[in-house]
Amino acid sequence: MSSQEILNFLSSGKWVSGEDLASRQGISRAAVWKQIQGLRKKGYEIESSTRKGYRLKRMHDPLDADMICEGLRTKWLGLDLRCFNEVCSTNDVARSIARECQNGTVILAETQTRGRGRLSRPWASPPGGIWMSLVLKPEISLDRAYRINMAVSVAVSRSFSALYGLDVGIKWPNDLLIEGRKICGILMEISAEVDRIGWAVVGLGINANVDVSGFPVEWRCTSLRQELGLEVSRIELIQKLLWEIEETYQRMHSKDLYEEWRRRSATLGKQVRITSASGDLLGEAVDLAEDGALLIRAEDKIKRVLAGDCIHLRAVGGI
Ligand code: BTN
């Protein structure tokens, strides 16, 4: 019996005895218990009682491609949308089909076994989140690729404020924060020939209905469920995100978009530390340039940083 079958049996939200689960599939109760442990490790919240058996405490709205597409108002983004129960990484799936699939193909998964973040960091992907990758085929040169990140991060920030009234800032270059806590990360991977982008895979990791209480404190994470005190409809959020991304992506080169990205910045005015291949840079984030660079005042000089890992230390003049 696969753990997916156990999940299917538990999906009613009612108690199911271990004996029942075991006899239906002709396996031992110990084998059932092992599967349950595996599911818990992946983040499924399953209660157990010696008398009653097992119960799935929380069933998230399932990611169903037909249901998502039914209310999707986009013209091209997500017209080919594929949902999986479990994948290694949605970015890996997207990369493997990127050459042949159509522009705007979307890959979603309930869980990822090897979700990746920037700088090859592991990305926790339990059920309840939105783990999604977009395959984009923009007609732009490689040096304009940062505009895709700009468009996507603005779209995510907009979606959260429109749907939930949340103030979500963009930490340079493209993390989304609520009061300093990360709610969404973006990982863009590109294949380019000479100077033209062949495809870009943009992976979004959104802690939607995720229980982040078990995540390491140093990750400084939050989730929509934690911020709002209730579960959000992932389907509604995905539809909104795709709509907003299509809109911002289509005008990714506009001054308006850059200005909105700058306005939504959570980094400006902060004391920051940037770690890059050329070492650490400490200073005040004083501006964001149109080419995506962060301008930092350090030792009375203004330095331009185009890439790196950014840590917010504190607001200048703040506590
Ligand atoms: C980061 O902040 O470091 C970026 C995190 C990106 C995570 C998402 S989840 C969907 C997609 N698949 C992955 O393996 N990574 C991205």
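Residues numbered from 1 in each chain as written. Predicted model: local features only at pLDDT ≥ 70, side-chain atom pairs only at ≥ 80, totals over all residues. Heavy atoms only, no water.

A. Structural detail: the state of the cysteines. Taken as a whole, this structure holds zero disulfides when the rule is applied. The closest cysteine sulfur to the non-disulfide-bonded C88 is located on C83, 18 Å from its own sulfur. No disulfide involves C184; its sulfur sits 11 Å from that of C221, the nearest cysteine. (Disulfide = S-S within 2.5 Å.)

B. How the structure looks around the packing of aromatic side chains. For the coordinates displayed, the defined rule picks out three aromatic pairs. Aromatic side chains W76 and Y249 sit 5.4 Å apart centroid to centroid with 55° between the ring planes, which places their arrangement in the tilted category. With W76 in the loop between α4 (65-70) and β3 (81-87) and Y249 in helix α8 (residues 234-250), this pair connects stretches of sequence that are 173 residues apart. Aromatic side chains F160 and Y164 sit 6.3 Å apart centroid to centroid with 45° between the ring planes, which places their arrangement in the tilted category. In this pair, F160 and Y164 are both assigned in helix α6 (residues 146-164), four residues apart and thus about one turn of the helix distant. Relative accessible area serves as the criterion here: at 17%, Y164 is assigned to the buried category. Seen from the ring of W243, R73 lies directly overhead, with NZ or CZ sitting 4.2 Å from the centre. (Phe/Tyr/Trp six-rings, centres within 6.5 Å; stacked < 30°, edge-to-face > 60°. Helix = DSSP H or I, 4+ residues; strand = E, 2+ residues; numbered from the N terminus. Buried < 20%, exposed > 50% of the residue type's maximum accessible area, 1.4 Å probe, protein only. Lys NZ or Arg CZ within 6 Å of the ring centre and 35° of its normal.)

C. Expanded view of unusual backbone geometry. The amide bond that connects W172 to the next residue, P173, takes the cis arrangement and shows omega of 0°. Structurally, P173 is set in the loop between β6 (169-171) and β7 (175-178). Its identity as a non-glycine residue notwithstanding, L119 has a phi of 55°, on the positive side. A relative accessible area of 56% means that L119 is categorised as exposed. Phi at R220 takes a positive value of approximately 45°, unusual for a residue other than glycine.

D. Structural view of the sheet that holds strand β5 (residues 130-136). Reading across from one edge, β3-β4-β5-β9-β8-β7-β6 is the order of the seven strands in this open sheet, with mixed pairing throughout. The open sheet has two free edges, formed respectively by β3 and β6, since each of these has just one partner strand. Adjacent strand axes in the sheet meet at a mean angle of 20°, parallel and antiparallel pairs treated alike. Of the strand pairs in this sheet, strand β8 (residues 181-193) and strand β9 (residues 196-206) are connected by ten bridges, and their pairing is antiparallel. Note on β9: the bridge partner recorded for G185 is G205. (Pairing = 2+ DSSP bridges. Axes fitted to C-alpha atoms, helices over the stretch in contact; angles between N-to-C directions.)

E. Here's a closer look at the site of the ligand. Lining the immediate surroundings of the ligand are 20 residues, of which S89, Q112, R116, R118 and K182 lie closest. In this structure, T90 approaches the ligand through a side-chain N or O atom, which is 3.1 Å from a nitrogen atom. A distance of 2.7 Å is found between a nitrogen atom of the ligand and a backbone nitrogen or oxygen belonging to R116. Notes on the ligand: free accessible area 420 Å², of which the protein chains cover 98%. Contributing elements (two or more residues each) for the shell around the ligand: α5 (90-97), β5, β8 and β9. Ranked by residue count, the leading element in the shell around the ligand is β8, at four residues. (Near = heavy atom within 4 Å. Polar contact = N/O pair within 3.5 Å; in protein donor to acceptor, adjacent residues only side chain to side chain. Areas by Shrake-Rupley, 256 points an atom, 1.4 Å probe, with all protein chains shown as cover.)

F. Examining the pairing of strand β13 (residues 301-305) more closely. Of the strand pairs in this sheet, strand β12 (residues 294-298) and β13 are connected by five bridges, and their pairing is antiparallel. Counterpart to I296 in the pairing with β13 is K303. Counting the residues between successive antiparallel strands, the hairpin from β12 to β13 contains two residues, one of them, E299, with a positive phi of roughly 50°.

G. Main features of the packing of α6 against α8. Contact geometry for α6 and α8: axes closest at 8 Å, N-to-C directions at 135°. In this view, α6 runs oblique relative to α8, as classed from their interaxial angle. In this structure, α6 meets α8 at a crossing whose hand is right-handed. Counted together, I148, A151, V152, V154, A155, V156, R158, S159, F160, A162, L163 and Y164 of α6 and E236, L237, K240, L241, E244, I245, E247, T248 and Y249 of α8 form the full contact between these two elements. Among the residues forming the contact of α6 with α8, the class breakdown is 14 nonpolar, two polar and five charged. (Parallel < 35°, antiparallel > 145°, perpendicular 65-115°, else oblique. Left-handed = near helix turned anticlockwise from the far one by under 90°. Contact = heavy atoms within 4.5 Å. Nonpolar A, V, L, I, M, F, W, Y, C, P; charged D, E, K, R; others polar.)

H. Examining the packing of helix α1 (residues 3-10) against helix α3 (residues 29-42) more closely. One can describe the packing of α1 onto α3 by two numbers: an axis separation of 10 Å at closest approach and a directional angle of 85°. The angle between the axes of α1 and α3 places the two elements in the roughly perpendicular class. Across the interface between the two elements, S3, I6, L7 and L10 from α1 touch V32, Q35, I36, L39 and K42 from α3. Of the residues belonging to the contact of α1 with α3, the class tally is six nonpolar, two polar and one charged.

I. Focus on α6. The terminal C-alpha atoms of α6 lie 27 Å apart, and with 19 residues this matches the ideal 27 Å at 1.5 Å per residue to within 8%. Burial analysis of α6 places 15 of its 19 residues in the buried class, the great majority of the element. Directly after α6, the chain includes G165, whose backbone phi takes a positive value near 65°. (Expected span 1.5 Å × (residues − 1).)

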